[in-house]
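Structural overview for review
Chain by chain, the residues run as shown.
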Amino acid sequence: MGPRIFLILALVFSSCMVSYGGNFFQEFDFTWGGNRAKIFNGGQLMSLSLDKVSGSGFQSKKEYLFGRIDMQIKLVAGNSAGTVTTYYLSSQGPTHDEIDFEFLGNVTGEPYILHTNIYAQGKGNKEQQFYLWFDPTKNFHTYSIIWKPQHIIFLVDNTPIRVYKNAESIGVPFPKNQPMRIYSSLWNADDWATRGGLVKTDWSKAPFTAYYRNFNTQTFSSSQFSNEKWQNQELDANGRRRLRWVQRNFMIYNYCTDFKRFPQGFPPECKRF
């Protein structure tokens, strides 16, 4: 199977385990940016580019409900300060759900910041941020989301970096009722992306380009959804060790420890983790 890692997502109303090939022509539509978005190699490689006029983006043709998503991405190389590459699941409307990866660019030699967030019924503010333990511009790396009714797990090269648990029992909304599409975009956010907006995009380095490959989908079966043990299964012992290693060494922001932001007390879900 080599570097190919399966993208598992539950199609709405799916009742059997089915795999879907990762041909970008068949699976995605360009949504903005004109010819700044391109597909190569017979549908096996995609790129998004940003210049001073516009960025670019794509979305999946299908909607999904629950499962696992994987995408291999090679981020903008060199001086990427001011740029943001996004890769996320989202529904639509004012009460939308969303599960985010955002990659905040930086000047040459300084690390990207990986920003994660979760929205439920239109409300987010659940940010955790990380440095990566490798240069994400040199090679392709796999960024994954496992989405089940009881939890969401973010992974990088199959190493878990974040687990967000369903806390509906204490009144916290959780994304579980709205099918979502896969989205990605590359855009200019130099008013906030790098050092809070202090470092601006160097347009002499444009165009900025990110690359995508090895997209696959695999649906969950109805028998899995009826299996309570499967629904609640999170990480094995090695996964828990890797999660602790990442959070101890590479996490740089956690909303659940931001006393200045929440002087009256942390959000209720923070007390569960």
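Refer to the structure printed above.
Residues numbered from 1 in each chain as written. Predicted model: local features only at pLDDT ≥ 70, side-chain atom pairs only at ≥ 80, totals over all residues. Heavy atoms only, no water.

1. Here we look at the pattern of salt bridges
In this structure the tally under the stated criterion is eight salt bridges. Across the pair lysine 61 and aspartate 29 runs a salt bridge, and its minimum N-O distance is 2.5 Å. In this pair, lysine 61 is assigned in the loop between strand 6 (56–60) and strand 7 (64–74) and aspartate 29 in strand 3 (residues 28–32), connecting sequence segments 32 residues apart. Here lysine 205 ties to aspartate 202 by a salt bridge, and the two come within 3.0 Å at their closest N and O atoms. (Salt bridge = Lys/Arg side-chain N within 4 Å of Asp/Glu carboxyl O. Helix = DSSP H or I, 4+ residues; strand = E, 2+ residues; numbered from the N terminus.)

2. What about the packing of aromatic side chains?
Applying the stated rule across the entire model yields 21 aromatic pairs. Taking the centre distance of 5.5 Å and the plane angle of 65 degrees together, the rings of tryptophan 133 and tryptophan 245 count as edge-to-face. Of this pair, tryptophan 133 sits in the loop between strand 11 (128–130) and strand 12 (141–148) while tryptophan 245 sits in helix 4 (residues 237–249), placing them 112 residues apart in sequence. The partly exposed category is assigned to tryptophan 245, whose relative accessible area is 27%. Positioned over the ring face of tyrosine 211 is lysine 74, at 5.9 Å from the centre of the ring. Between the NZ or CZ atom of arginine 242 and the centre of the ring of tryptophan 245, over which it lies, the distance is 4.6 Å. (Phe/Tyr/Trp six-rings, centres within 6.5 Å; stacked < 30°, edge-to-face > 60°. Buried < 20%, exposed > 50% of the residue type's maximum accessible area, 1.4 Å probe, protein only. Lys NZ or Arg CZ within 6 Å of the ring centre and 35° of its normal.)

3. Some details on the side chain of aspartate 97
Position of aspartate 97 among the secondary structure elements: in the loop between strand 8 (83–90) and strand 9 (98–104). No salt bridge is formed by the buried aspartate 97, whose closest oppositely charged neighbour, lysine 126, lies at an N-O distance of 9.7 Å. Polar contacts involving the side chain of aspartate 97 include one to the main-chain amide nitrogen of glutamine 121, which spans 2.8 Å. Excluding residues within four positions of it along the chain, aspartate 97 makes contact with Leu89, Ser90, Ser91, Tyr119, Ala120, Gln121, Pro175, Lys176, Asn177, Gln178 and Met180. (Lys, Arg positive; Asp, Glu negative; His and termini not counted. Polar contact = N/O pair within 3.5 Å; in protein donor to acceptor, adjacent residues only side chain to side chain. Contact = heavy atoms within 4.5 Å.)

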